[in-house]
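# An overview of the molecular structure
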Protein chains: 2
Amino acid sequence: MKLICQKKTLAQSISTVQKAVSSKTNLPILKGLLLESVGQQLKLVGTDLEIGIESYIDAEILEEGSIVLSSRILGDIIRKLPDEDIEIEVTENNKTTIRCKNSEFTLVGQPAEEFPDLPIVEEDNAYIIAQDLLKNMIKQTVFATAIDETRPILMGVLIELKEQGIHMVALDGYRLALREAKVRNEMENKAVIPAKTLNEINRILTEEENHEVKMFFTDKHVLFCMKNTRIISRLLDGEFINYKQIIPTEYKSRVKVNTKDLLDSIERASLLAKEGKNNLVKLSIKDDEMIITSTSEIGNVLESIQIDLEGEDIDIGFNSKYFIDALKIIDSEDIYLKFTTSVSPCIIKPEDNDNYTYLILPVRIVS
Amino acid sequence: MKLICQKKTLAQSISTVQKAVSSKTNLPILKGLLLESVGQQLKLVGTDLEIGIESYIDAEILEEGSIVLSSRILGDIIRKLPDEDIEIEVTENNKTTIRCKNSEFTLVGQPAEEFPDLPIVEEDNAYIIAQDLLKNMIKQTVFATAIDETRPILMGVLIELKEQGIHMVALDGYRLALREAKVRNEMENKAVIPAKTLNEINRILTEEENHEVKMFFTDKHVLFCMKNTRIISRLLDGEFINYKQIIPTEYKSRVKVNTKDLLDSIERASLLAKEGKNNLVKLSIKDDEMIITSTSEIGNVLESIQIDLEGEDIDIGFNSKYFIDALKIIDSEDIYLKFTTSVSPCIIKPEDNDNYTYLILPVRIVS
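On a predicted model such as this, the values are computed, not experimentally measured, just so you know.

Here we come to the interface of chain B and chain A. Taken residue by residue, the interface counts 26 residues in chain B and 26 residues in chain A. Carbon and sulfur atoms supply 52% of the area that chain B and chain A bury against each other, a total of about 2,300 Å² over both sides. For the chain B face of the interface with chain A, the top three residues by lost area are B:Lys80, B:Arg268 and B:Leu271, together amounting to 24%. Connecting chain B to chain A are two salt bridges. Between the two partners, chain B and chain A, sit 16 residue pairs in polar contact (both at pLDDT 80 or more). Of all the secondary structure elements, the ones that give two or more residues to the side of chain B that touches chain A are helix H2 (71-80), strand E9 (103-108), helix H5 (259-273) and strand E21 (299-306) of chain B. Bridging between strand E21 (residues 299-306) of chain A and E9(B) involves five bridges; their strand directions are antiparallel. Bridged to A:Glu303 within E9(B) is B:Ser103.

What follows is the structure, encoded as structure tokens:
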């Protein structure tokens, strides 16, 4: 293989595919990136066998071929080179020379044949979604996935594709995040995508221009196609929880409150709460005021916020972390909090939109 | 104690004095900050018994007094409060209430009497220096202090004060950094200030306006006085090395080279060198070219730089880290490298100024 490409595009491409490379792998070949000529393009591939990322960049291909080079070393080298043309040449025994202006690196690569093939996903039935919408949907759900591995299915986000729209749902036993969007497509499907995959996609989406993403599914895999990037991930096995029956449809008290005020107050209250064990903050809602308190060995705090209350007064306790997580990703200036009793879930909804539902289980207050 | 002060100034002051607080201390009182009313000012103090930092801010003192509050908790709380007036009130049993807008925190403090007194340094004989000059002198020397504790005196920077100027010197057995400046003062002295102290001073100096610093010395301590901040540090005991006899005054080859070009090339060369053990890069200087090479198990690199050479050709090896450290802090566009033999020290000097001298010992090349 022999080719010439631009430093900037190569560096960007390496940084994208590196997101699939795990430093913890025991298979040396997976610490490498595959470089392969494809027509007049250079394809780069990184994978940890769970996620695979392919990136295509324009290059002047002088001689076809392929090679696997250490992801870390290659990335470090290309980043440090000046912003000029880079020549990559593979000679005998996988010896690879990288030339740029006054620099010449010689690395020993590994044969491309040893690099695992990514799963094949037929691109015959696309579900199309705008990049910024997908990014927002990921941001508003993925944080609510379970971290512990006792119920693996909860470590992913359920994605439901219907003709009229798309739903994404995550839950971990303490809270649930549901984001809906109206997207017209002909395909129906549902699948559970690992949180790790969605986090990587979220990071890659920021680096691309505002375009469409095509999603393709098989029973086992999902493929995301962006402009120059393809991300293939396995899906999680098993049935997701029937989340609809968890979400209450009625309430006895509805509070309207400024999102930022509530976030700031709960963050301050949790400064002391986190010194304890359960991050407990108490909300005492009465008339036009919400009092937030928290107590720990080192002291206590009292916060007061102006609210609009419809319905009954209520005292209720929460793990502040679950509140803060949600308040950080809701864009609406005001939100509604809906309560039934002090031992039933609280629902958070943006004031200006019906596309988001967040549910938190309360902590029983011993008074 | 009862007082009102502004959130912004208090937060800034806390962040300054926190630099003296060690999270590793076994003495609970040292995890706290002392707050004390002094006239119409609030004094904050943090110390780890090696360094003490005092900061003064304007406050409306409604009742005199003092208290010690957890540094971390107090810092977290004040940072999170809105940008408004803050009221601090100490009542019985060291109970302290912090009020701001709709927030009220109650903390249990510790009695101020338990907080250690900082050493007393008489302010009768000041050595005065501009903040930005002091900052630059610290930056150009402190990185060359020794890290390992086998020779404690080398963990500090020697500061020599003379009528005509000031010298700061650091060395660690592999390299030496000497920064000189012309400052007119009446005082003569020399002392070795711990690198840790200078690093903290360097960080605090960025946050203050461009003013003077006054330095006062006793046998054991140094006091730095800035506008609202006083830093007291112990000095290191013992005799510093007679550094002047280490610096060669003659050379056989002098190379003029662009600082940035050399830094970039050595950084690239060291990408592979650091995979080995000693960061070895080789410089081969001949006519108008410097070839920098490095070789390791995973590959090798060759860099070429245009230079101006006066004198003999030379091949010489270095630990790239010691070169990179110096090239990063030299402001001059070009530098001179002076060599005698491949086993004698190399001297780096800025091209546009005679105030800085950096010496590196070479690594013997086995060829």
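Here we take up the packing of H5(B) against helix H6 (residues 320-329) of chain B. Residue and element names in this part refer to chain B. At their nearest, the axes of H5 and H6 sit 10 Å apart, and the two run at 150° to each other. With respect to H6, the axis of H5 lies roughly antiparallel. The hand of the H5/H6 crossing is left-handed. Of the residues in H6, those in contact with Thr259, Leu262, Leu263, Ile266, Glu267 and Ser270 of H5 are Ser320, Phe323, Ile324, Leu327 and Lys328. In terms of residue class, the contact of H5 with H6 is built from six nonpolar, three polar and two charged.

What the domain assignment reports for chain A is domain 1 (2-114), domain 2 (127-244) and domain 3 (247-360). Relative placement of domain 1 of chain A and domain 3 of chain A: their C-alpha centres are 50 Å apart.

Rules used in this analysis
- Residues numbered from 1 in each chain as written.
- Chains lettered and ligands numbered in written order.
- Predicted model: local features only at pLDDT ≥ 70, side-chain atom pairs only at ≥ 80, totals over all residues.
- Heavy atoms only, no water.
- Contact = heavy atoms within 4.5 Å.
- Buried area = accessible area lost by both parts, 1.4 Å probe.
- Salt bridge = Lys/Arg side-chain N within 4 Å of Asp/Glu carboxyl O.
- Polar contact = N/O pair within 3.5 Å; in protein donor to acceptor, adjacent residues only side chain to side chain.
- Helix = DSSP H or I, 4+ residues; strand = E, 2+ residues; numbered from the N terminus.
- Pairing = 2+ DSSP bridges.
- Axes fitted to C-alpha atoms, helices over the stretch in contact; angles between N-to-C directions.
- Parallel < 35°, antiparallel > 145°, perpendicular 65-115°, else oblique.
- Left-handed = near helix turned anticlockwise from the far one by under 90°.
- Nonpolar A, V, L, I, M, F, W, Y, C, P; charged D, E, K, R; others polar.
- Domains from an automatic or database assignment.

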